[in-house]
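# What the coordinates show
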Amino acid sequence: MIYAEILAGGSGTRMGNTDRPKQFLMLGNKPILVHTIEAFLLNPRIDRILVVVPNVWLDYSKDIMNKYNVYTDRVHLVVGGSTRNETIMNGCRYIESQWGITDEDIIVTHDSVRPFITQRIINDNIDACLKYGAVDTVIPAVDTIVESTNNETITNIPVRKYYYQGQTPQSFGIAQLTSLYNALTEEEKDILTDACKIFTMKGHPVHLVMGEGYNIKITAMYDLKLANAILEGHLHD
Amino acid sequence: MINQRYRLISPKIIRVDFTEDAIGEKDVVVRPQYLSICAADQRYYQGLREKAILDKKLPMCLIHEAVGEIVYDPKGEYPTGTLVAMVPNIACDNDETIKENYRLTSKFSSSSEDGFMRSLVTIDRSRIVECGNLKGRCASLLEPMSVAMNAYDVCFRKYNRHPKSIGVWGDGSIGFVVALVMKKMIPGCEVSVIGTNPEKLEYFSFCDHQYMIDTVPCMSQFDACFECVGGPASSKAINQMIDCIKPQGILSLMGVSEHPVEVNTRMVLEKGLTLVGHSRSSVQDFKDCVELMQSKPEISNYLESIISDEVVIRSITDMYEAFDKDRSNRFKTVMKWEM
């Protein structure tokens, strides 16, 4: 089975914050989250899509997904966890409880606030994940990377050609992801900021798939303004 | 749905645009699989159209020869994965007195509307034709086949005519599909191809005769002639056709020329010829082609022989490569679309 998991929140730091998360803001004529779900719905290789949202936004998510007709048989709503990785793992636990997990099952995890995802990137993730077991979507670093370990002066300027910027999707064999994550200590889990690191920490290679510069993450209002600026309205032949 | 449209913005420059496409109840969503480059696309790409035309039409997605798989049908009529050809002609009224591809109100993908160089195509279900068991790569040539079928329909089927000999001028892709359709649709008809390139003429193995333009025996032998040359050479070809066609024959014009073409009208009058123009095709022409290709599997093999190159498209750079390679390819360049 090929699963997609759309990560639509779940950060504990947002608990108590009544601001609407960015994935629910409008981009063109629909909420960002709906655009992202549509991209996966339109890929016939994806068997099931999990949309993982914070508990307090569960009913709201259900309402807008119904309103925009994306809450289909292939789509399942799941409550997120306290961290990004816990949110991913909640999706895996949901899969295990509902359908069980086999060694062939893979999961394509994607930020809900990256609605410009292309079918090419999704397909490349699926192909590479089926072949290699763990995949990260990246683009070559454009700006020079500057390291400062004291946050005051430059300690190193690495060779740019070896550096990439991470995007999503990140895709994994579910059984291996679960097994590696469960083997981590609580301290190790605390320092994990990225799901791919679960693999690299344990010495497992993660294959690179090329993203696109425009596969942007809408996190600030500036990003939303940019996203709306590059999107042309309601077209129909 | 957010879609990516790969539009020619000026000669040799393609840009990705993001559009929010509406999916209506009558629509289906198709993911393109194989797209074939036509000379018309190449003229836009190279900037060979008049500047006023380019200014009016660009930015625009190119390509009107394309097949793809259904990825979403709101009505559930088409199973996901069904291979379909997309019909570029968009009929905008129901005037039954004029065939849909000749109505002045009709639109056309890659001329008056965006073509099929898109990540996904939302298209009215009346404009798709199921390809049955045809292979996608070969089925991408259904559109030029349908143009040939339209010519057959207008010249012969409509008037129940049964020509015994046909001459096709032009050894390019359109000449090939016209000769092929005529040979297969009119049993017993002798089809000759007249061209300038001996190597290309050898591909026309199903024809009864292959002639170089300076060796064709011009003794009023053809019941009907098809001009598939276009460009500056049109005039020479048409005038040779006028010499070679029987009195009261049908002379079909299919090649596009950017400039007015000189024609020996005196002989047209003397011989009482009928000059007919052919362009584009209808949904029914596509359906007739699928039926023909399924009943005669050898047609797919012939079409495969004129796919000179297949370029996998995963970036805009790949698109440039495909259009550049197409210029030096003998026949068709097909893009395997993975955008």
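Structure first, text after, so check above.
Numbers given to residues run from 1 along each chain, matching the order in which its sequence is written. All chains are assigned letters beginning at A, and all ligands numbers beginning at 1, according to the order in which they are written. Since the coordinates come from a predicted model, pLDDT governs what is reported: local features require at least 70, and pairs of side-chain atoms require 80 or more to be given and counted, while whole-chain, interface and lining totals use all residues. The side-chain numbers reported here are obtained from all heavy atoms of the structure, hydrogens and water having been left aside.

### A short note on empty space enclosed by the protein
- Site definitions follow a grid-based scheme: protein atoms alone, a 1 Å grid, a 1.4 Å probe that fits but cannot get out for cavities, and for pockets an open set with protein on both sides within 12 Å along at least five of seven lines, plus lining residues having an atom within 4 Å of a point. Grid points are joined across faces, edges and corners, and a volume is the space filled by probe spheres set on the points. Applying the stated rule across the entire model yields one cavity of 30 Å³ or more.
- Here the largest cavity defines a volume of roughly 80 Å³.
- In DSSP terms, a helix is any run of H or I states spanning at least four residues, a strand is any run of E spanning at least two, and both are numbered starting from the N terminus. Secondary-structure elements contributing two or more residues to the lining of the largest cavity are helix H1 (32–41) of chain A together with strand E1 (2–10) of chain B.
- Amino acid classes used here: Ala, Val, Leu, Ile, Met, Phe, Trp, Tyr, Cys and Pro are nonpolar; Asp, Glu, Lys and Arg are charged; the rest, including Gly, are polar. Classifying every residue of the lining of the largest cavity by side-chain character gives seven nonpolar, six polar and one charged.

### Structural notes on the side chain of Thr333(B)
- Positionally, Thr333(B) belongs in strand E18 (residues 332–337).
- Under the rule applied, a polar contact is a pair of N or O atoms within 3.5 Å (in protein, one hydrogen donor and one hydrogen acceptor; residues adjacent in sequence only if both atoms are side-chain atoms). There is a polar contact of 2.7 Å between the side chain of Thr333(B) and the side chain of Asp326(B).

### Describing the interface of chain B and chain A
- Contacts were defined at the residue level, with two residues in contact if any of their heavy atoms lie within 4.5 Å. If you look at the interface, chain B gives 30 residues, while chain A gives 25 residues.
- Summing both partners gives a buried area of about 2,300 Å² for chain B against chain A, and 54% of it is carried by carbon and sulfur.
- Three residues stand out in chain B for area buried against chain A, namely Ile2(B), Phe18(B) and Glu20(B), and they jointly supply 34% of the buried area on that side.
- We count a salt bridge whenever a side-chain nitrogen from Lys or Arg sits within 4 Å of a carboxyl oxygen from Asp or Glu. The tally of links from chain B across to chain A stands at two salt bridges. Computed with a 1.4 Å rolling probe, the buried area is the accessible surface lost when two parts are put together, summed over both parts.

### Some thoughts on the sheet that holds strand E8 (residues 164–173) of chain A
Residue and element names in this part refer to chain A.
- Spatially, E5-E4-E1-E6-E8-E7-E9 is the arrangement adopted by the seven strands of the open sheet, whose pairing is mixed. Each having just a single partner strand, strand E5 (75–79) and strand E9 (207–210) make up the two edges of the open sheet. Neighbour to neighbour, the strand axes of the sheet diverge by 30° on average, direction disregarded.
- Pairing between strands is defined by DSSP: at least two bridges between them are needed. Note that strand E4 (residues 48–53) and E5 share five bridges and pair parallel. Paired with Ile49 across the bridge in E5 is Val75.
- To get an axis, a line is fitted to the C-alpha atoms, and for a helix only the part in contact is used. The angle between two axes follows their N-to-C directions and goes from 0 to 180 degrees. Sheet strands in contact with helix H2 (residues 58–67) are E4 and E5, and its direction is about 165° off that of E5.
- Of the strands in this sheet, strand E1 (2–7), strand E6 (106–111) and E8 touch helix H5 (residues 174–182), which is tilted by about 105° from E8.

### Digging into the layout of surface pockets
- As a volume, the largest pocket reaches approximately 1,600 Å³.
- What lines the largest pocket is a set of 47 residues, and nearest its centre among them are Cys38(B), Ala39(B), Ala40(B), Arg43(B) and Val256(B).
- Broken down by secondary-structure element, the contributors of at least two residues to the lining of the largest pocket are helix H1 (39–46), helix H2 (51–57), helix H4 (142–157), helix H5 (173–185) and helix H11 (316–328) of chain B.
- Broken down by element, the lining of the largest pocket gets its largest block of residues, five residues, from H1(B).
- Of the residues belonging to the lining of the largest pocket, the class tally is 18 nonpolar, 15 polar and 14 charged.
- In this structure, the second largest pocket occupies an estimated 550 Å³ of space.
- Contributing to the lining of the second largest pocket are 24 residues, with Glu38(A), Leu41(A), Asn69(A), Ile23(B) and Tyr72(B) lying nearest its centre.
- Counting only elements with at least two residues in the lining of the second largest pocket, the list comes to H1 of chain A together with strand E5 (65–72) of chain B.

### Let's talk about the sheet that holds strand E15 (residues 245–253) of chain B
Residue and element names in this part refer to chain B.
- Across the sheet, six strands lie side by side as E13-E12-E11-E14-E15-E16; this open sheet has parallel pairing. Looking along the sheet, the strands with just one partner apiece sit at the ends: strand E13 (209–212) and strand E16 (274–277). Here the strands of the sheet are splayed against their neighbours by 20° on average, with no regard to which way each runs.
- Pairing analysis gives four bridges linking strand E11 (residues 165–169) to strand E14 (residues 222–227), with the strands arranged parallel.

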